[in-house]
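Fold and geometry: a report
Take a look at the letters that make up each chain.
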Amino acid sequence: MLRRLALTAVASFAVLSAAAPAATAATAATGPLPLLSLPLPLPSALQGDDGTGKTRLTVTVSDSGDREADGVYELRCLPAGGTHPVAQQACDRLAELAQPTDREGGTDPFRPVPADAMCTQQFGGSATARVTGTWQGQHVDASFDRTDGCEIARWNTLRPVLPNVR
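Figured I'd write up the structure that's included with this text. (Residues numbered from 1 in each chain as written. Predicted model: local features only at pLDDT ≥ 70, side-chain atom pairs only at ≥ 80, totals over all residues. Heavy atoms only, no water.)

Secondary structure assignment for the chain yields 4 helices and 5 strands. When the helices and strands of the chain are listed from N to C terminus, the series reads α-α-β-β-β-α-β-β-α. Sorting the 166 residues of the chain into buried and exposed places 29% on the buried side. Of all intrachain contacts in the chain linking residues separated by at least 6 positions in sequence, the fraction that spans at least 24 positions is 52%. (Helix = DSSP H or I, 4+ residues; strand = E, 2+ residues; numbered from the N terminus. Buried < 20%, exposed > 50% of the residue type's maximum accessible area, 1.4 Å probe, protein only. Contact = heavy atoms within 4.5 Å.)

In structure tokens:
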């Protein structure tokens with residue numbers, strides 16, 4: 001967020017600086033120019049999204065107890081691809097989680113467990129995962145573990161994006 005804010009400020013200043021000489025000449029000839037709307041949007045390449053809302057995630061799994069599940073995987077959706085072992089199923093699950101429910105919008109599987117959540121004190125293993133990238137045009141940087149009932153449920157909600165571990 002801070003990087004985007006800084007880049008927005010730099011881009012806005014650059015546009016204003018470039019426009020200043022022309023604005024001075026135009027003001028003298030025709031009157032004041034309309035104000036620019038700030039902050040100016042950044043090109044989508046700087047926002048980390050290709051502008052289409054496609055999913056592009058890096059999934060890093062460790063200590064799962066399954067050597068085949070541990071590692072770094074790329075996941076792309078629409079169309080499904082990358083190095084993720086079950087890319088189509090993972091993309092289908094993410095699409096399912098994005099669907100609106102009767103109560104509100106879709107589920108955000110990357111949101112952390114609220115600090116005041118009441119969680120069962122059970123240990124689901126030492127597996128950890130980190131998911132970074134873009135999901136539905138939104139920046140993702142989420143960590144997962146299996147240290148209590150809430151974290152286990154959060155992990156399980158994201159299967160098969162995250163591997164099935166026990």
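A covalent bond between the sulfur atoms of two cysteines is what we call a disulfide. Evaluation of the coordinates by the stated rule reveals 2 disulfides. Each disulfide pairs two cysteine sulfurs, and for C77 the partner residue is C91, the sulfurs being separated by 1.9 Å. The chirality of the disulfide connecting C77 with C91 is left-handed, given an S-S dihedral of about -90 degrees. With a gap of 14 residues between them, C77 in the loop between β2 (71–76) and β3 (81–82) and C91 in helix α3 (residues 87–98) connect regions that are remote in the sequence. Classification of C77 as buried rests on a relative accessible area of 7%. A disulfide bridge connects C119 with C150, and the sulfur atoms are separated by 2.0 Å. (Disulfide = S-S within 2.5 Å.)

Turning next to the pattern of salt bridges. One pass over the full model with this rule turns up 3 salt bridges. Across the pair D141 and R130 runs a salt bridge whose closest N-O atoms are separated by 2.8 Å. Linking D141 in strand β5 (residues 138–145) with R130 in strand β4 (residues 128–135), this pair joins segments that are 11 residues apart in sequence. (Salt bridge = Lys/Arg side-chain N within 4 Å of Asp/Glu carboxyl O.)

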